[in-house]
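# Observations on the model geometry
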Amino acid sequence: MSEKSSSSGSDEDVDPESVQPVELGGVLSKWTNYIHGWQDRWVVLKNNTLSYYKSEDEREYGCRGSLCLSKAVITPHEFDECRFDISVNDSVWYLRAEDPEHRLQWIESIELHKAESGYGSESSLRRHGSMLSLTSAASALSATSTSSFKKGHRLCEKLAEMETFRDILCRQVDTLQKYFDSCADGVSKDEFQRDRVVDEDEDDFPAASKADGDCHHNNNGSKEKLFAPASPKGINGIDFKGEALTFKATTAGILSTMSHCLELMLKREDSWQKRLDKELEKRRRVEDAYKSAVYELKKKSQYGGPDYEEGPNSLIKEDEFFDAVEAALDRQDKIEEQCQSEKVRIPRLTPVPPGDVFSSIGTHRFAAKVEEMVQNHMTYSLQDMGGDANWQLVIEEGEMKVYRREVEENGIVLDPLKATHSVKGVTGHEVCHYFWDTAVRMDWETTIENFNVVETLSDNAVIVYQTHKRVWPASQRDVLYVSAIRKILATNENDPDTWLVCNFSVDHDKALPTNRCVRAKINVAMICQTLVSPPEGDKEISRDNILCRITYVANVNPGGWAPASVLRAVAKREYPKFLKRFTSYVQEKTTGKNILF
């Protein structure tokens, strides 16, 4: 993991508060899909963007994906201490660090980049303070101006408010009128005082000659200066009183007209309210449908993520889990049917070692364990289930019967299964040979994805590693086991010819468990007994005279949690199909060939 500063320039030019967050790069495990699971990727955090590359060496070829962190939501996982999820709208990245400390470092760095992006950060508020304040003020003004509509005031209430405003306006006009009247009275008093001053000045100059038009005589013989009478229009020729009366009449007319309009609107309010209610109901239904569609889309888009894997904390419901497994198995069946119809079987010559090789115990390191398994299966697996109430008959199709005994341990289903079947025209040796022979395993086994022999212990024992095809949402399984074939020596002449193949799990250094698959444990045995009916007369024994009675037992530990109903339903469906497919294959391979006892 590497870090470096993304700021540039000299110390004098750079504001310490505006320094960008450091870049971060390193290896994280990213969930790819349900086939490949977790894969290591080179992840780079730079300029508020999280990008990933297949590896550090491939950075020059461009990133494989990126997320803008402005609106990202970072969620540490509840149970996995190394995992954290990043979601932007419908896009989700599932990431895992190598340890909790690195996860914390990544989360803190991502949060720092996110905090320094857009208008939500402190630095952006400093850069865009004036515009943000203006926008906030405009938003507040808009919210205030529309508050009355949001509160749903009725028109009659608005009319009462207008009447109140009218009364207030009239009182204000009256106050102004009083002020104007006072101003007019003040002007009249000033003119009267000025006339008196003029008279006093004329008495002081009696010899002055005056024109007749400039003076007139009072009744007492004194002269009075003629001034223009005080004009009711007041100062500068404005009739304040008249203007006030006009203003009052105009405002009263406007308010009266508005009242009339409000009365007309009030008559239509009920019908408008009904129409509005209908539109609101339509909008509510559309919004509900939209939210439901978005939820389903998000749900489908995230299917295949690690939270939808099997496990006790899985987000997928049990019925959805069951439906998904059923659908996946149906698809595999269709693909297999198509492949079988197009496949041309390649004949393989598989040499059969002498019979004494299969009857010997062997000297390899697992020989004692093989002998123990053989004796246990011969003792318990051939017992009749009629008197055991714990065994339940779950399927009966012709000669085939499948039994199950329900067993759970720590919430994991460990049901033992036992199947009996009879097949005409084949011997026990032939059935066990094709079941054990690794050279033909892929010809009849359709559930295996990869298969290889890890070690050959002897002519009749090998160690096999195989991975099974994944059935989503269940995790992929792999198995490592010893497979041994044995001929059981008869204790008396009436015992049927008996062969056995046992497979049981072991550990091996060349096939250690991985995170890609869940390691299952098995203990499986196929016991085959050959029954021969005497031919008529001197005829030789043919395949019409032989019958193979098969007993198949399986104890499987799936290695992880899965819904019990799903595991039992899959076992009930797949085991009969497996026996039919395998026995049909043996009959096909032995038709027209010599009988192998």
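Residues numbered from 1 in each chain as written. Predicted model: local features only at pLDDT ≥ 70, side-chain atom pairs only at ≥ 80, totals over all residues. Heavy atoms only, no water.

Attention now moves to the overall build of the protein chain. Scanning the protein chain from N- to C-terminus turns up 12 helices and 22 strands. Every one of the 597 residues in the protein chain was classed for burial, and the buried ones make up 34%. Contacts spanning at least 24 positions in sequence make up 59% of the contacts within the protein chain whose residues lie at least 6 apart. Total accessible area on the protein chain is roughly 37,100 Å²; 52% of this is exposed by carbon and sulfur atoms. (Helix = DSSP H or I, 4+ residues; strand = E, 2+ residues; numbered from the N terminus. Buried < 20%, exposed > 50% of the residue type's maximum accessible area, 1.4 Å probe, protein only. Contact = heavy atoms within 4.5 Å. Areas by Shrake-Rupley, 256 points an atom, 1.4 Å probe, with all protein chains shown as cover.)

Looking now at the packing of helix H10 (residues 428–436) against helix H12 (residues 564–590). In the contact formed by H10 and H12, the axes pass within 10 Å of each other and the chain directions differ by 110 degrees. With respect to H12, the axis of H10 lies roughly perpendicular. In terms of crossing hand, the pair formed by H10 and H12 is right-handed. When H10 is examined against H12, the residues Glu430, Val431, Tyr434 and Phe435 are found in contact with a partner set consisting of Phe578, Phe582, Tyr585, Val586, Lys589 and Thr590. (Axes fitted to C-alpha atoms, helices over the stretch in contact; angles between N-to-C directions. Parallel < 35°, antiparallel > 145°, perpendicular 65-115°, else oblique. Left-handed = near helix turned anticlockwise from the far one by under 90°.)

What follows is about unusual backbone geometry. Of note, asparagine 47 is a non-glycine position whose phi angle comes to about 50 degrees, a positive value. By secondary structure assignment, the location of asparagine 47 is in the loop between strand S3 (38–46) and strand S4 (49–53). Although it is not a glycine, asparagine 48 sits at a positive phi angle of roughly 65 degrees. Position of asparagine 48 relative to the elements: it lies in the loop between S3 and S4.

Now for H10. Among the 9 residues in H10, 9 count as buried, and that is most of the element. Of all the residues in H10, the buried ones are Gly428, His429, Glu430, Val431, Cys432, His433, Tyr434, Phe435 and Trp436.

With that settled, the discussion passes to a nonpolar patch on the surface. A cluster of nonpolar side chains, contributed by Val532, Ile541 and Phe597, occupies part of the molecular surface with about 260 Å² of accessible area. According to the relative accessible area criterion, phenylalanine 597 is partly exposed, its value standing at 43%. (Patch = residues over 30% accessible without salt bridge, like charges linked within 9 Å, V, L, I, M, F, W, Y side chains within 5 Å. Salt bridge = Lys/Arg side-chain N within 4 Å of Asp/Glu carboxyl O.)

Turning to the packing of aromatic side chains, a few remarks are in order. Counting across every chain of the model gives 12 aromatic pairs. Residues tryptophan 31 and tryptophan 38 carry aromatic rings whose centres are separated by 5.6 Å and whose planes lie at 75 degrees to one another, so their mutual orientation is edge-to-face. Centroid distance tyrosine 552 to tyrosine 575: 6.2 Å. Interplanar angle 50 degrees. Geometry classified as tilted. Note that tyrosine 552 is positioned in strand S22 (residues 546–557) and tyrosine 575 in helix H12, a separation of 23 residues in sequence. For the pair formed by tyrosine 552 and tyrosine 575, the shared burial category is buried. Members of the aromatic cluster, joined through ring pairs, are Phe435, Trp444, Tyr552, Tyr575, Phe578 and Phe582. The ring of tryptophan 93 has lysine 30 lying over it, and the distance from NZ or CZ to the ring centre is 5.5 Å. When the ring centre of tryptophan 38 is taken as reference, the NZ or CZ atom of arginine 96 above it lies at 5.8 Å. (Phe/Tyr/Trp six-rings, centres within 6.5 Å; stacked < 30°, edge-to-face > 60°. Lys NZ or Arg CZ within 6 Å of the ring centre and 35° of its normal.)

The subject of this paragraph is the pattern of salt bridges. Side chains that differ in charge, positive against negative, can pair when their charged atoms come close. Within this structure, the stated rule accounts for 21 salt bridges. The residue aspartate 80 makes a salt bridge to arginine 96 at a minimum N-O spacing of 2.7 Å. Of the two residues, aspartate 80 is situated in the loop between strand S6 (73–76) and strand S7 (83–88) and arginine 96 in strand S8 (residues 91–96); the sequence distance between them amounts to 16 residues. Taking relative accessible area as the criterion, arginine 96 reaches 25% and is therefore assigned partly exposed. Its salt-bridge partner being glutamate 281, residue arginine 285 comes within 3.6 Å of it at the nearest N-O pair. Pair noted here: arginine 285 and glutamate 281 are both in helix H6 (residues 240–301), with a separation of 4 residues, about one helical turn. Of the residues examined, arginine 285 reaches a relative accessible area of 45% and is grouped as partly exposed. Glutamate 281 sits in the partly exposed class, given a relative accessible area of 30%. A single network of salt bridges, built from pairs that share partners, joins Glu281, Arg284, Arg285 and Asp288.

Turning next to helix H9 (residues 367–381). If you check H9, its first and last C-alpha atoms are 20 Å apart, about what 15 residues at 1.5 Å a residue would give, namely 21 Å. Turning to H9, its buried residues are Ala367, Val370, Glu371, Met373, Val374, His377 and Ser381. What you see down the axis of H9 is that its buried residues fit within an arc of 160 degrees, all on one side. Turned more than 90 degrees off the buried face of H9, the exposed positions are Ala368 and Tyr380. Contacts made by the buried residues of H9 are with strand S15 (417–424), strand S18 (477–488), strand S19 (497–505), strand S21 (521–532) and S22. (Expected span 1.5 Å × (residues − 1). Arc of directions from axis to C-beta.)

Once that is clear, we can look at the nonpolar core. Of all hydrophobic cores here, the largest spans 40 residues; its most connected members are Val431, Phe435, Met526, Tyr552, Phe578 and Phe582. Counting residues per element, this core draws most heavily on H12, which supplies 7 residues. Apart from the residues lying within four places of it in its own chain, the contact partners of phenylalanine 435 are Arg441, Trp444, Val501, Asn503, Met526, Tyr552, Phe578 and Phe582. (Core = buried A, V, L, I, M, F, W, Y, C linked by side-chain atoms within 4.5 Å.)

Of all 8 residues in strand S17 (residues 461–468), 7 are buried; the element is thus mostly enclosed. Sheet analysis places strand S16 (residues 448–458) next to S17, joined by 8 bridges and oriented antiparallel. Note on S17: the bridge partner recorded for asparagine 450 is threonine 467. Hairpin connection, S16 to S17: the antiparallel pair is bridged by 2 residues. Relative to S18, S17 runs antiparallel, the two being bridged by 7 bridges. The partner of valine 462 across the bridge, within S18, is serine 483. (Pairing = 2+ DSSP bridges.)

Now for the environment of proline 576. As for its placement among the helices and strands, proline 576 is situated in helix H12. Using a relative accessible area of 4% as the deciding quantity, one classes proline 576 as buried. Taking the C-alpha atoms as reference, proline 576 lies 9.8 Å from histidine 421; in sequence the two are 155 residues apart. Excluding its chain neighbours within four sequence positions, the residues that come into contact with proline 576 are Ile395, Met400, Val402 and Ala571.

Distances and angles like these do not, on their own, reveal function.
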